[in-house]
Structure formats: structure tokens, C-alpha cells
Amino acid sequence: MSGLLSMFSYHFMQRALLVGVLVSLCAALLGVSLVLKRYSMIGDGLSHVGFGALAIASAFHLAPLAVTVPVVVIAAVLLLRLRSDGRVKGDAAIAIISSSALAIGVVVVSVTRGMNTEVTSYLFGSILSLSRGDTVLSVVLSLAVLAVFLLLYPRLFAVTFDETFARATGTRADLYNTLLAVLTAVTVVLGMRMMGALLISSLIIFPALGAMKICHSFRGVVIWAAVISVVCFLFGMTASYVFETPSGASVVIADLIAFGFCSLFANRK
């Protein structure tokens, strides 16, 4: 127990827990809408775009988040446009953009200075390496995402469940779909440092799916997804500290276990 309590005495661990809890909340809340709209893999696609942007920022010695956030936001809006166009389906649009961005990132890395530690940390996750500046920016952006989601909750609920009806009642569905894409893009960029580009989609999908197993109302699913996400993050980080395992992978395993328990509970009801 004393060993676990000592975990909170390290400044890097305090920063990791603060940012991780906030990003987990953002991912869980947005994940419910994304899963219900059958667009849950957008996190995986945008993370590949983020990796490509990060590789370019690293090659030109630019601030990683300052470059990656706007690039991924633009990619999210473009994905939304391609999907609404009708000629390219949602999953195909994600595949086109994500594979292209990943290829660009790999080429940029290979022709500059190779796979350095910073790029590797974004690919596989390294939340313990958060700097003070990254922490402040991550906290500000996470709080902004949470505030916008809670403020516009009724509109996002309407667009998520019945977009056609929402349009008929005067709701600007395109605007709120774009806003949802932008919020997801910001959350994905923030989550890349915690989970890595290869695992960030699990932070969006697992808590939402687990909550849907035990709840049948939108509000209940949102609340339980947030609870599951935060609890799994804390358990994952604790396991990572105790067993010296990668933090991102440990959080994903915790989410997987929680999803299994939710599925068992749903089957017994």
C-alpha cells in the first residue's frame, strides 16, 4: 500500500493522472455518440493523421501539439465532408485519409533522422513523459472539450439519435456534426500521448460499448461510459506502475476486462 501511495508523490505521475483522467472523460463522452453513429473508427484514422503531422513537426523542429491539433481538426472535417458526400462511405474515407497520412509520416521519419524517441512515444504512448507545458495545454483543451459537450448536450443527443428528425425541427445538424468531429480530433491528439496512435481508438470504443451493455438510456450510457473510462484508466496506470508494463497497453487491458464484466452482467439480466 505504501508503494502505491508513493506513486502519487512523483510530479510526472501527478501530471499523467491529471491529463489521463480528463482525456479519458472526453473520449468516453464523445465515444458514445461516435459508436451510435457507426463512426467509432474515426479515432484510429485521426490518430494516423496525427502521427503524420507529428513526424513533420519533429522533422522541422516545431511544437508537436501546435502543429498536430490543427492538422487533425482539418482531417476530421474533411472526413465528415467525404462521408456526407455519399460517393465515399465512412469507413472508406477513414482508410483513405489514415493510410495516406501514415505513409507520409513514415516517409518523413525515414528521410530525416529516423524513428526518434519523441515520435515513438506518440506511436506507442508515453504519458509519463508529459512536460509541464504539454500538461497545461492538455488540461485547457480537455476542459474546453468537456465544457462544449455538456453545454451542447441536448443538440448532440438529437443529432446522434435521429439526424433527420433533428433537421426537421430546425437543428443545424451539419454544424453539430462538424463540432463533434472537431472535438474528437482534439481528444485524439491529446490521447495519443497517453495511449499512442495504435491504441487510442480503444479509449473511445470500449467504455461506450461496455456502458451500452448495462444501460438503455442515452444519459445513463454517457454517465457509465465516463465512470468506466476513468476507473479503467486509474486501474491501468496502477498496474503499469506496479508491474512496470506500458501504460497505454495496461489501460486497454483494463478496458477490455471491464467490457467483459459488462457483457457478463448483460447476459445475466
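The structure presented is a predicted model; accordingly, all values stated were derived computationally and were not measured.

What counts, and at which threshold
- Residues numbered from 1 in each chain as written.
- Predicted model: local features only at pLDDT ≥ 70, side-chain atom pairs only at ≥ 80, totals over all residues.
- Heavy atoms only, no water.
- Helix = DSSP H or I, 4+ residues; strand = E, 2+ residues; numbered from the N terminus.
- Contact = heavy atoms within 4.5 Å.
- Phe/Tyr/Trp six-rings, centres within 6.5 Å; stacked < 30°, edge-to-face > 60°.
- Buried < 20%, exposed > 50% of the residue type's maximum accessible area, 1.4 Å probe, protein only.

By the element assignment, Thr184 lies in helix H10 (residues 173-195). Beyond its immediate chain neighbours, meaning those up to four positions away, Thr184 contacts Leu30, Leu34, Ile42 and Leu46.

Turning to the packing of aromatic side chains, a few remarks are in order. Under the definition given, this model contains seven aromatic pairs. Seen in terms of ring centroids, Tyr10 and Phe12 are 5.3 Å apart; in terms of plane orientation they differ by 25°. Their pairing is stacked. You can call Tyr10 partly exposed: its relative accessible area is 37%. The class for Phe12 is partly exposed, based on a relative accessible area of 33%. Seen from their ring centres, Phe157 and Phe161 are 5.1 Å apart, and the 50° between their planes marks the pair as tilted. Here the residue Phe157 and the residue Phe161 both occupy positions in helix H8 (residues 153-161), the gap between them amounting to four residues, near one helical turn. When its relative accessible area of 33% is taken as the criterion, Phe157 is described as partly exposed. Here the aromatic cluster, defined as three or more aromatic residues joined through ring pairs, consists of Phe149, Tyr153, Phe157, Phe161 and Phe218.

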